[in-house]
Amino acid sequence: MIVVGEKILYKAFGLNIKSDIKLPELTFLNEQNESIDVNIQIKDLSEEWKAFVLDDETYKVKENMVLFKIQDTGIFYIKGGREIYISPFVGADEDKIRLFLLGTCMGAILIQRKIIPLHGSAIEINGKAYAIIGDSGAGKSTLASAFINQGYKLLSDDVIPISFQLDETPIVTPSYPQQKLWEQSLKEFGMDQVNYRPIIERENKFAIPVASSFYRESIPLAGIFELSKTEKKEIVLRKIEGIERLQTLFTHTYRNFLIELLDLMEWHFAKSSKIIKQIGIYKLQRPVSSFTANHLVSLILETIQGEC
């Protein structure tokens, strides 16, 4: 059962967040007089659901609002890039509620605020950000963890916020100091799963705090690596060229179906065009038959060095 207490202030995705729900993954804000960018509130949304949504729909998007329902969890309502309302169902798992708050809800907030949310992990290398994007299960977080083990710092895991300076330089803003790693990845890195909390009860994906390896400043985006799996025995790396670069960015925009529904296709195209003019985008295929994360780190660093 969700217990509403005193509202707590947090910092994540470059935003000051005030929440009815405790979000232990995020960084606390001590200054109570900070301006609030996003307000998370518990509210009965049953009437909104009846008014806007048919029984067989999961999502409803209208103008600058997103409404969706997750079975056995709750109804979520994201409005104007500033408000998140959650109506938890009786017996809902708090971990699962937070998973959707920090995932789909924050992805929608960023899109509404015209900040591109890429689906992946971002690492700081020599004062610049490099994004590792790809489909679920591609190994993005595992590769980011391999970078962390070699002394590099994490900017974001799962949702990468990309905004723009006045000169249109793309900037990555840090999200919050936590990774999500599968049990197999923990084993490969020699990490004992008993030391970590499952993301959701009875699931073999774990929350990994990385406060000491978290980069807390916004920095320029300098490169993107699209990670995927291959049945081949060797690692394959190639530079993505031409219009494929635009398609790659759209494919790996977090909850990209919201872009068209919110009438933001022109905005996304314009900003994606700015990105591809300034940075290299690569496709990196890893063999499914072996653990290659450490080799991928070396290859990416060599590629970055070659671009300098």
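Just so it is clear, the structure is predicted and the values come from calculations on it, not from any experiment. (Residues numbered from 1 in each chain as written. Predicted model: local features only at pLDDT ≥ 70, side-chain atom pairs only at ≥ 80, totals over all residues. Heavy atoms only, no water.)

1. Some words on the pattern of salt bridges
A pair can form between side chains of opposite charge whenever their charged atoms are brought close. According to the stated counting rule, one finds 12 salt bridges in the structure shown. One salt bridge connects R197 with E25, and the closest N-O pair in it is separated by 3.9 Å. With R197 in strand β14 (residues 197-198) and E25 in the loop between β2 (15-19) and β3 (27-28), the pair connects residues that are 172 residues apart, well separated along the chain. Take R197: its relative accessible area is 34%, and that puts it in the partly exposed class. A relative accessible area of 10% places E25 in the buried class. For K271, the salt bridge identified is with E168, shortest N-O distance 3.2 Å. Taken together, the residues span a long stretch of sequence, with K271 in helix α7 (residues 265-276) and E168 in the loop between β11 (153-164) and β12 (170-172) at a distance of 103 residues. The network of salt bridges with shared partners includes E25, D95, R98 and R197. (Salt bridge = Lys/Arg side-chain N within 4 Å of Asp/Glu carboxyl O. Helix = DSSP H or I, 4+ residues; strand = E, 2+ residues; numbered from the N terminus. Buried < 20%, exposed > 50% of the residue type's maximum accessible area, 1.4 Å probe, protein only.)

2. Some points on the packing of helix α3 (residues 140-149) against helix α8 (residues 293-307)
Two elements in contact, α3 and α8, have axes whose closest approach is 9 Å; the angle formed by their N-to-C orientations is 75°. The orientation of α3 relative to α8 falls into the category roughly perpendicular. Listed contacts from α8 to T142, L143, A146 and F147 of α3 are A293, N294, L296, V297, I300 and L301. Taken together, the residues that form the contact of α3 with α8 break down as 8 nonpolar, 2 polar and no charged. (Axes fitted to C-alpha atoms, helices over the stretch in contact; angles between N-to-C directions. Parallel < 35°, antiparallel > 145°, perpendicular 65-115°, else oblique. Contact = heavy atoms within 4.5 Å. Nonpolar A, V, L, I, M, F, W, Y, C, P; charged D, E, K, R; others polar.)

3. As for α3
Counting buried positions along α3 gives 9 out of 10 residues, so the element sits mostly inside the fold. All of the buried residues along α3 are K140, S141, T142, L143, A144, S145, A146, F147 and I148. Positive phi appears at G151, one or two residues downstream of α3, with a value of about 100°.

4. Quick notes on the nonpolar core
Nonpolar side chains in soluble globular proteins tend to be buried together. The biggest cluster of nonpolar side chains holds 59 residues, and the ones touching the most others in it are I17, F76, I84, L101, I162, I224 and I275. A total of 10 residues in this core trace back to one element, the largest contributor, which is helix α2 (residues 94-112). What I162 contacts, discounting residues up to four positions off in sequence, is I115, I116, L118, P170, I171, V172, L221 and I275. Residues A144, F147, M191 and V210 belong to the second largest nonpolar core, which totals 26 residues. (Core = buried A, V, L, I, M, F, W, Y, C linked by side-chain atoms within 4.5 Å.)

5. Quick word on the packing of helix α5 (residues 244-251) against α7
Axis separation between α5 and α7 bottoms out at 10 Å; the angle between their running directions is 120°. One way to sum up the angle between α5 and α7 is to call them oblique. The element α5 and its partner α7 pack so that their crossing is right-handed. Residues R245, L246, L249 and F250 of α5 form the contact with α7, whose participating residues are M265, H268, F269, S272, S273, I275 and I276. Residues belonging to the contact of α5 with α7 are distributed by class as follows: 7 nonpolar, 3 polar and 1 charged. (Left-handed = near helix turned anticlockwise from the far one by under 90°.)

6. Digging into the sheet that holds strand β13 (residues 178-182)
As summarised here, the arrangement of the 3 strands in space is β13-β15-β14, forming an open sheet in which the pairing is antiparallel. For this open sheet the edge positions go to β13 and β14, each flanked by a neighbour on one side alone. As judged from the 5 bridges shared by β13 and strand β15 (residues 205-209), these two strands associate in the antiparallel manner. Residue pairing across strands places Q179 opposite I208, the latter belonging to β15. (Pairing = 2+ DSSP bridges.)

7. Here we look at the pairing of strand β7 (residues 74-79)
With 5 of its 6 residues buried, β7 lies for the most part within the structure. Relative to strand β8 (residues 83-88), β7 runs antiparallel, the two sharing 6 bridges. Bridge pairing in β8 links G74 to P88. Counting the residues that bridge the hairpin from β7 to β8 gives 3 residues, and of these G80 lies at a positive phi of roughly 65°.

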